[in-house]
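Descriptive analysis of the structure
Listed below, chain by chain, are the residues.
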Amino acid sequence: MHPSPPRPDQRLRLERVTKRFSAHTAVDAVSLDLGEGEFFCLLGPSGCGKSTLLRMVAGFETPDSGTIRLGETDLTALPPHRRPVNMMFQSYALFPHMSVAANLAYGLKGLGLSRAQAAGRVRDLLRLVRLEGFEARRPDTLSGGQRQRVALARALAREPRLLLLDEPLGALDRALREETQGELRAIQRRLGTSFVVVTHDAAEAMALADRIGVMERGRLVQVGPARALYEHPASRYVAGLLGDVNLIDGRLGRAEPGGIRSVETALGILRASGEGEAGNAVVIAVRPERLIVGGEGGPHGLSGLLTEATFLGDRIRYRVEMANGTTLRASAALPAPGPIPAVGETVTLGVPADSAWILPA
Ligand code: ADP
Ligand code: MG
């Protein structure tokens, strides 16, 4: 692609966008500001309203209320083809009887390009997705990953300011998915076009996005970089969505220096990070890799029976049964610095206060 001159403000801004299907509120007062050239992922389980939100930005659905702007332009009333936005669907919708080049040229129709200009653009697009030499091939002779890249090139043909991708890698197998994630990210960086990708796969969202927006039943409940969401989730819902987590119910105790609180739990008194009023019911969220198996229990450390140790190559996964019957999951990176405990042993379980996060119950 040719370097473009500086473009005017083209940031997407959603303000309290709502969509109802009869009694069901599919998207509930979602507000969001996208950064310039940002790669944003909407993450949430099936049915939480991701596609509906994306379809409203593209213009295939009309919000019941709220506004959608791109820079100074109010998109809300514009039909899809008048919006400087394009959407790539999971079913790539390539024309099977047309060559790759013809599929891409189709995406350029109506732009008033000469034949030579169009051919040049098709070449640029193929270079962008690393499919030079595939001009004459038909889509059914390509691999899934290659078809996905042709569809991406076609979606980018008109140089949209914003590209919307609904589960773009959903049809690819695991290995190809990871490879394609890297390519998608690289293409987006090269173009500087803002991307909004919908996915239900947290690992994918973490691999792709500058920021992730987590949706829960139509609402956007937390927005931030992957690391912030993973380490500082705002709720047990977000904590569980981003990865494996131990949740321990408790009651908030007194404050200690450094934002540390004591929390009374069925496992004993633990120390954790967070805020709230003493006496409040809370839940402590702690990731398995943050628990220290065999480590110093410390003044408030735990001990339990190691019931399972699963070798996973780069790490080992433990299950530890506590005296009250609760099971905690821990994991440790391999190679381990010390001896690896055996199933049946009693182990201590360190819970570092700065890795245990206090959430509303
Ligand atoms: P996601 O993409 O997160 O899986 P969707 O946005 O597709 O979720 O759907 C959100 C909710 O809205 C679901 O309960 C779905 O059944 C409902 N829904 C989506 N589209 C329609 C429609 N055209 N008519 C009625 N209900 C719909
Ligand atoms: Mg969907």
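Residues numbered from 1 in each chain as written. Chains lettered and ligands numbered in written order. Predicted model: local features only at pLDDT ≥ 70, side-chain atom pairs only at ≥ 80, totals over all residues. Heavy atoms only, no water.

1. Thoughts on the site of ligand 1
Around ligand 1 sit Phe-21, His-24, Ala-26, Pro-45, Ser-46, Gly-47, Cys-48, Gly-49, Lys-50, Ser-51 and Thr-52, and those are all the residues in its vicinity. A distance of 2.6 Å separates an oxygen atom of ligand 1 from a polar atom in the backbone of Gly-47. At 2.8 Å from an oxygen atom of ligand 1 is found a side-chain nitrogen or oxygen belonging to Ser-51. Alone, ligand 1 offers 560 Å² of accessible surface; in the complex the protein occludes 58% of this. Top element by residues in the shell around ligand 1 is helix 1 (residues 50-58). It accounts for three residues. (Near = heavy atom within 4 Å. Polar contact = N/O pair within 3.5 Å; in protein donor to acceptor, adjacent residues only side chain to side chain. Areas by Shrake-Rupley, 256 points an atom, 1.4 Å probe, with all protein chains shown as cover. Helix = DSSP H or I, 4+ residues; strand = E, 2+ residues; numbered from the N terminus.)

2. Here's the deal with the domain arrangement of the chain
Considered domain by domain, the chain is made up of domain 1 (12-238) and domain 2 (244-360). At the interface, eight residues of domain 1 touch nine residues of domain 2. Taken over both partners, the interface formed by domain 1 and domain 2 buries close to 790 Å², and the fraction arising from carbon and sulfur atoms is 50%. Summed over the shared surface of domain 1 and domain 2, the number is two salt bridges. Between Glu-231 and Arg-290 there is a salt bridge, with the nearest N and O atoms lying 3.4 Å from each other. Taken together, domain 1 and domain 2 are joined by four residue pairs in polar contact (both at pLDDT 80 or more). If one sorts the elements of the side of domain 1 that touches domain 2 by residue count, helix 7 (residues 226-231) sits on top with three residues. Taken together, the residues that form the side of domain 1 that touches domain 2 break down as four nonpolar, two polar and two charged. (Domains from an automatic or database assignment. Contact = heavy atoms within 4.5 Å. Buried area = accessible area lost by both parts, 1.4 Å probe. Salt bridge = Lys/Arg side-chain N within 4 Å of Asp/Glu carboxyl O. Nonpolar A, V, L, I, M, F, W, Y, C, P; charged D, E, K, R; others polar.)

3. Considerations on helix 4 (residues 144-156)
Under the 1.5 Å per step criterion, the end-to-end length of helix 4 is 18 Å for 13 residues, consistent within 8% with the ideal 18 Å. Burial analysis of helix 4 places eleven of its 13 residues in the buried class, which makes it a mostly covered element. Those residues of helix 4 hidden inside the fold are in contact with strand 6 (85-88), helix 2 (100-106), helix 3 (115-128), strand 7 (162-166), helix 5 (174-191) and strand 8 (194-199). (Expected span 1.5 Å × (residues − 1). Buried < 20%, exposed > 50% of the residue type's maximum accessible area, 1.4 Å probe, protein only.)

4. Re the packing of helix 4 against helix 5
Running from N to C, helix 4 and helix 5 cross one another at 20 degrees; their axes reach a closest spacing of 11 Å. With respect to helix 5, the axis of helix 4 lies roughly parallel. Judged by the twist between their axes, the crossing of helix 4 over helix 5 is right-handed. Across the interface between the two elements, Gly-144, Gly-145, Gln-148, Arg-149, Leu-152 and Leu-156 from helix 4 touch Leu-176, Thr-180, Glu-183, Leu-184, Ile-187 and Leu-191 from helix 5. Here the contact of helix 4 with helix 5 is composed, by residue class, of six nonpolar, four polar and two charged. (Axes fitted to C-alpha atoms, helices over the stretch in contact; angles between N-to-C directions. Parallel < 35°, antiparallel > 145°, perpendicular 65-115°, else oblique. Left-handed = near helix turned anticlockwise from the far one by under 90°.)

5. Topic: the nonpolar core
Of all hydrophobic cores here, the largest spans 41 residues; its most connected members are Leu-152, Leu-156, Leu-165, Phe-195 and Ile-212. Once residues lying within four places of it in the same chain are set aside, the contact partners of Leu-156 are Leu-125, Leu-128, Leu-163, Ile-187, Leu-191 and Phe-195. Formed by 26 residues, the second largest nonpolar core is a distinct cluster that contains Val-17, Val-27, Ala-58 and Ile-68. (Core = buried A, V, L, I, M, F, W, Y, C linked by side-chain atoms within 4.5 Å.)

6. Some words on the sheet that holds strand 15 (residues 292-293)
Read across the open sheet, the five strands follow the order 15-19-16-17-18; overall the sheet is antiparallel. In this open sheet, the two strands that pair with only one neighbour each are strand 15 and strand 18 (327-333). Where strand 16 (residues 302-311) lies against strand 17 (residues 315-321), six bridges are found, and the strand directions are antiparallel. Paired with Leu-306 across the bridge in strand 17 is Val-320. (Pairing = 2+ DSSP bridges.)

7. A word on the packing of aromatic side chains
Evaluated as defined, the whole model comprises two aromatic pairs. Seen in terms of ring centroids, Phe-39 and Phe-195 are 5.4 Å apart; in terms of plane orientation they differ by 50 degrees. Their pairing is tilted. Residue Phe-39 is found in strand 3 (residues 39-43), and its partner Phe-195 is found in strand 8; the two are separated by 156 residues along the sequence. Residues Phe-39 and Phe-195 agree in their burial class; the two are buried. (Phe/Tyr/Trp six-rings, centres within 6.5 Å; stacked < 30°, edge-to-face > 60°.)

8. A look at helix 5
An ideal rise of 1.5 Å per residue puts 26 Å on 18 residues; helix 5 measures up with 26 Å between its terminal C-alpha atoms. For helix 5, the set of buried residues is Arg-177, Thr-180, Gln-181, Glu-183, Leu-184, Arg-185, Ile-187, Gln-188 and Leu-191. In this fold, the buried residues of helix 5 make contact with strand 3, helix 3, helix 4, strand 7, strand 8 and helix 6 (202-208).

9. Considerations on the pairing of strand 2 (residues 24-33)
Alignment of strand 1 (residues 12-21) against strand 2, held across six bridges, turns out to be antiparallel. Looking at strand 2, one finds that Leu-14 is bridged to Leu-32.

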